[in-house]
Amino acid sequence: MELNFTLNGKNVSIDIEADKRLLDLLRDDFHLTSVKEGCSEGECGACTVIMDGKAVTSCLVLAAQADGSEIITTEGLAKNGELDIIQKAFKNNDAVQCGFCTPGMIMSAKALLLKEEDPTKEDIEEAIAGNLCRCTGYVNIINAIAEAADKLEAEKDGK
Amino acid sequence: MGNKVFQPKSLKRALKILDKKSDIKILAGGTDLILELDELKAAGNKLMDISKIDELRYIKENEKEIKIGALITFGELGEDKLINKYIPSLANASRQIGSIQIRNRATIGGNIANASPAADSMPVLKSVDAQIKVRSLNSSRLIPAEEAIASFYQNNLAENEIIEEIVISKSKINNFLFFDKVGSRKTVSIARLNIGANVKAENNLIKKAVICFGALSKRAFRAKNVESYLENKKINKIDKKEYNDKLKNVVDEAIPGRYSQQYKRNAICGLGDNLLKSLVEYAGKGE
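Nothing here was measured: the structure is a model prediction, and the numbers come from that model.

## Section: the overall build of chain A
- Of regular secondary structure, chain A possesses five helices and five strands.
- Of the regular secondary structure in chain A, the N- to C-terminal order runs β-β-α-β-β-β-α-α-α-α.
- For 159 residues, the compact-globule estimate of 2.2 N^0.38 gives 15 Å, and chain A sits close to it at 15 Å.
- Structurally, chain A occupies a C-alpha span of about 45 × 35 × 25 Å along its principal axes.
- Counting across all 159 residues of chain A, residues that qualify as buried make up 45%.
- Considering only residue pairs separated by 6 or more positions, chain A has 60% of its internal contacts joining residues 24 or more positions apart.

Shown next, in the form of structure tokens:
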């Protein structure tokens, strides 16, 4: 089956077995290994990507469903060699320990900030409720996302 | 080699495919079915992805009814103005289903068709007597929501049928609606027990009560003993012990001897208590 969709800002076309998961399509066919396979049942959020502006767990999306859609993975965030504000904030706040949950966390945060410019702590907690982290205890992750929201606002004011 | 995936863009096309072929599994959001992908492939099932049928994506009202297209996601239901206005318990249940990632994909039609006994939409739909419109190529029929469920994870739809929409009659909606659930954690949890209530309350008096429980049987059901106990009682004068006994009866009759019986006897009193507190608060506001 031929799939046509936008992946990290580029139009892509690929002929694949349509009954695989979006997670496998991204990892095996496009080698986007930021997309992690954790629980494989939508509980852990490690495979979170953005599909048409919304966070989804790619282990629960059929590859065929990506046809015509717009997909963003963590690989698509850095621009011109510079990390995205959210990625920088994760670095600044020591929000990364083993790193396995990090790409999924960042994509959930990105989806939140695409929708909500002024997230409250509760908004942030809700946005990452579907992302499990077994190292950090979440505090630094929540701080990082709050900082990213502030920096994004400051950036807008600067322009 | 991979199996074929049909991807119709219109309902009519989907129904035609179902009419011609057999062993087709219908996939909407996919959040339940994709977990079984390997088993489905091994069994030789073909998939039909209906997520591209945009005509099934709507929430609308007319004078008498609210209609929800089968492909509306729980994310959309939770935020929708009409649903929050008319059926806030459905909006509330929708916001508590899974995680944001799940709610962005999971559909109300899929939740019904998947026939999980713990489906959070079911006690609410049952409480407002929602009807499911089911369509095949040459006919359509309306069935009460719970009758779409045959047994555990088995729906009552024929092989050539698709859920088209959910219809809720405005005349069935009373002035106090409620949903709550007990799960293993605060968020992203599958209900161990859930409740949907649709109550007519006037001047601190319960005039009519429809109380439904889910995750206690193969499908959500009305707890008529609790309903008749509550009806014609003053909200602030309900005897806690009697009320709890009625609630425990519901569990005892539904799952006698089950290992979870004792746990659920307590859980149901917790949900019942939350319902009562919420009713008291509602009555206190002068309704």
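There's plenty left to go through after this.
## Focus: the domain arrangement of chain A
All names here are of chain A.
- Here the domain parsing of chain A yields domain 1 (2-76) and domain 2 (85-158).
- Taking the mean C-alpha position of each, domain 1 and domain 2 sit 21 Å from one another.
- In this assembly, 14 residues from domain 1 lie in contact with 13 residues from domain 2.
- If you list the elements that add at least two residues to the side of domain 1 that touches domain 2, you get strand S3 (48-51) and strand S4 (54-57).
- Its residues assigned to classes, the side of domain 1 that touches domain 2 comprises seven nonpolar, five polar and two charged.

## Focus: the sheet that holds strand S13 (residues 205-214) of chain B
All names here are of chain B.
- Across the sheet, which stays open at both edges, the four strands sit in the order S11-S12-S13-S14 with antiparallel pairing between neighbours. Of all the strands in the sheet, just strand S11 (176-182) and strand S14 (221-222) have a single pairing partner and so form its edges.
- For S11 and strand S12 (residues 193-202), the ladder comprises seven bridges, and the chain directions are antiparallel. Along S12, the bridge assignment pairs Lys181 with Asn194.
- Running over the sheet, helix H5 (residues 88-95) touches S11 and S12 and is turned about 20° from S11.
- Contacts between helix H11 (residues 261-284) and the sheet are confined to S11 and S12, with S12 contributing the most and set at about 30° to the helix.

## Topic: the interface of chain B and chain A
- Listed per partner, the contact involves 24 residues of chain B and 24 residues of chain A.
- Broken down by secondary-structure element, the contributors of at least two residues to the side of chain B that touches chain A are helix H2 (37-42), strand S3 (46-49) and helix H6 (100-103) of chain B.
- Top element by residues in the side of chain B that touches chain A is H6 of chain B. It accounts for three residues.
- Broken down by class, the residue content of the side of chain B that touches chain A amounts to ten nonpolar, eleven polar and three charged.

## Description of the sheet that holds strand S10 (residues 162-169) of chain B
Residue and element names in this part refer to chain B.
- The five strands are arranged S4-S5-S10-S6-S7 in an open sheet whose pairing can be described as antiparallel. Two strands close off the open sheet at either side, each with one partner strand: strand S4 (59-61) and strand S7 (140-144). Going from strand to strand, the sheet's axes swing by 25° on average, the running direction of each strand aside.
- With five bridges joining them, strand S6 (residues 131-135) and S7 adopt antiparallel strand pairing. Bridge pairing links Val134 to Arg141 in S7.
- Of the strands in this sheet, S6 and S10 are in contact with helix H1 (residues 11-20), which crosses S10 at around 125°.

Procedures and definitions
Residues numbered from 1 in each chain as written. Chains lettered and ligands numbered in written order. Predicted model: local features only at pLDDT ≥ 70, side-chain atom pairs only at ≥ 80, totals over all residues. Helix = DSSP H or I, 4+ residues; strand = E, 2+ residues; numbered from the N terminus. Rg over C-alpha atoms; globule rule 2.2 N^0.38 Å. Buried ≥ 20, exposed ≤ 12 C-beta atoms within 10 Å, placed from the backbone. Contact = placed C-beta atoms within 7 Å. Domains from an automatic or database assignment. Nonpolar A, V, L, I, M, F, W, Y, C, P; charged D, E, K, R; others polar. Pairing = 2+ DSSP bridges. Axes fitted to C-alpha atoms, helices over the stretch in contact; angles between N-to-C directions.

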